[in-house]
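Structural overview
Okay, here's what each chain looks like letter by letter:
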Amino acid sequence: MAQDILWLGLHKTGTTFLQKSLDLSQAPLQAAGLAWVSLDEFRVRWTRPLMEEGHDGALPAPPDRPAGLPRRLVFDENIIGLVQNGVTAQGLYPLAAERARKVADHLGLKQPLLVLGLRGFAGFLPSLYCEALKSTPFQTFQQFLLWPPEAMSWLPLIRRLRAAFPDSRMLLYRAEDLPGHEAALLARVTGLKPGDFTLLGAPERLGHSHAAIERLHALARKGRVSREDVRRVTAELPRGPNQPGYAPWTAAERSLLEAAYARDIAHLAAQSRTPGSTLRLVDPGAATATRLD
């Protein structure tokens, strides 16, 4: 495990919880020789200056390796794209590989372990849309969904990342397998023990319910929907036990998306089992771990 780690997301796969837990676990990370910069600081110092067009600041100088910390752990889902740019007419995160390569080169990451959490499209796409509503002008889900459901696949994204990092190993996991096993995943990625990590308490995050999104769509049919409208309706109709999250799919669409995700996972699992493969699909909750040797 004596290598740098480039953890690339995805959005809406439990990344905030994992990042905040890493913030709380600085001492064991440093003891293991891992240099970790919290997400907010990392975005200010590197992600935004390197990635955002029109950024006012000069490009930051490549950082020196902290004394006594030979490895870097970099974890920012915005490296592969902002949340509003995850779904495009060219597919899912089409610029992810070149963006990740730019960050890796700037930070001097040598053959980093690539880490990526995947999620089923039926849940991922509405969640990504709702997250985008928090920071971008309102658009309907139909306007947001630029790539058709029948074309959904994570395989092109994974292939592009592997082509950009041909000498790197890649560790994949399903977000659906993560709840309750966050410490095990952090241990798998870093080489530490699960008990070394201090996990974040359950965060309270205001989410968009199905009723809230439907009301916003109704407002959009009458005229412009402001950011204040989004905040107000979300506060009035938050997601909760009596207000389920946004679910825009017909039964046929959901079945199609679930089948597409299942095909992706089956393909990656088969690749993971291939002798000599540098890709591993892991289950954080599995009793035994398959190591990337």
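Definitions and cut-offs
Residues numbered from 1 in each chain as written. Predicted model: local features only at pLDDT ≥ 70, side-chain atom pairs only at ≥ 80, totals over all residues. Heavy atoms only, no water. Helix = DSSP H or I, 4+ residues; strand = E, 2+ residues; numbered from the N terminus. Buried < 20%, exposed > 50% of the residue type's maximum accessible area, 1.4 Å probe, protein only. Pairing = 2+ DSSP bridges. Axes fitted to C-alpha atoms, helices over the stretch in contact; angles between N-to-C directions. Contact = heavy atoms within 4.5 Å. Expected span 1.5 Å × (residues − 1). Bend = angle between axes of the 7 residues up to and from the residue. Polar contact = N/O pair within 3.5 Å; in protein donor to acceptor, adjacent residues only side chain to side chain. 1 Å grid on protein atoms, 1.4 Å probe; cavity = no way out; pocket = protein on both sides within 12 Å on 5 of 7 lines; lining within 4 Å. Points joined across faces, edges and corners; volume = space filled by probe spheres on them. Nonpolar A, V, L, I, M, F, W, Y, C, P; charged D, E, K, R; others polar.

What follows covers unusual backbone geometry. For the bond running from G9 to L10, omega is 10°, close enough to zero to count as cis. Tracing the chain through its elements places L10 in the loop between strand 1 (5-7) and helix 1 (15-23). You will see that K12, though not glycine, has its phi angle at about 60°, which is positive. Its location among the elements puts K12 in the loop between strand 1 and helix 1. For K12, a relative accessible area of 26% translates into the label partly exposed. Positive phi values are uncommon outside glycine, yet Y93 reaches one of about 50°. The residue Y93 is located in the loop between strand 5 (91-92) and helix 4 (96-107) in this model. Accessibility expressed as a relative area gives 1% for Y93, which makes it buried.

Turning our attention to the sheet that holds strand 3 (residues 71-75). Pairing is parallel in the open sheet, where six strands are placed in the order 2-3-1-6-7-8. The open sheet has two free edges, formed respectively by strand 2 (34-36) and strand 8 (279-282), since each of these has just one partner strand. Recorded for the sheet is a direction-independent mean angle of 20° between the axes of neighbouring strands. Lying on the sheet, helix 11 (residues 251-273) is in contact with strand 6 (113-118), strand 7 (170-174) and strand 8; it crosses strand 8 at an angle near 125°.

In an α-helix, one full turn covers 3.6 residues, which means residues spaced three or four apart are oriented alike. Look at helix 3 (residues 39-51): only 15 Å from first C-alpha to last across 13 residues, short of the 18 Å you get at 1.5 Å a residue. Most pronounced at R45, the bend in helix 3 amounts to some 35°, and the proline P49 follows within four residues. Tucked into the core, helix 3 has its buried residues touching helix 1, strand 2, strand 3 and helix 4.

Turning our attention to the pairing of strand 3. Counted residue by residue, strand 3 has five buried out of five residues, so it is predominantly covered. Burial along strand 3 is two-sided: the face carrying R71, L73 and F75 and the face carrying R72 and V74 are both buried. In terms of strand pairing, strand 1 meets strand 3 through three bridges, oriented parallel. Directly across from I5, in strand 3, lies its bridge partner L73. In the sheet, strand 2 pairs with strand 3 via three bridges, with the strands oriented parallel. Residue pairing for strand 3: L34 is matched across the bridge by R71.

This part is about the environment of S21. Within the fold, S21 resides in helix 1. With 173 residues separating them in the primary sequence, S21 and P194 have C-alpha atoms 12 Å apart. If we ignore the near neighbours within four places in the chain, the residues touching S21 are L186, T198, L199 and L200. A polar atom in the side chain of S21 sits 3.0 Å from the backbone nitrogen of L200.

Tracing the sequence through the fold places R48 in helix 3. On the accessibility criterion, R48 (34% relative accessible area) is partly exposed. Distance from R48 to F144, taken between C-alpha atoms, is 23 Å for residues 96 residues apart in sequence.

What follows is about empty space enclosed by the protein. Tallying each qualifying case throughout the model produces two cavities of 30 Å³ or more. A volume near 60 Å³ is recorded for the second largest cavity. A35, V37, F42, W46, P63, R72, L73, V74 and L107 are the residues that line the second largest cavity. Those elements that place two or more of their residues in the lining of the second largest cavity are helix 3 and strand 3. Counting residues per element, the lining of the second largest cavity draws most heavily on strand 3, which supplies three residues. Of the residues belonging to the lining of the second largest cavity, the class tally is eight nonpolar, no polar and one charged.

Within the secondary structure layout, E182 lies in helix 8 (residues 182-190). In this structure the side chain of E182 is engaged in a polar contact, spanning 3.1 Å, whose partner is the backbone nitrogen of G180. E182 has contacts with F17, L18 and L199, leaving out every residue within four places of it along the chain.

This is a description of form; function is not addressed.
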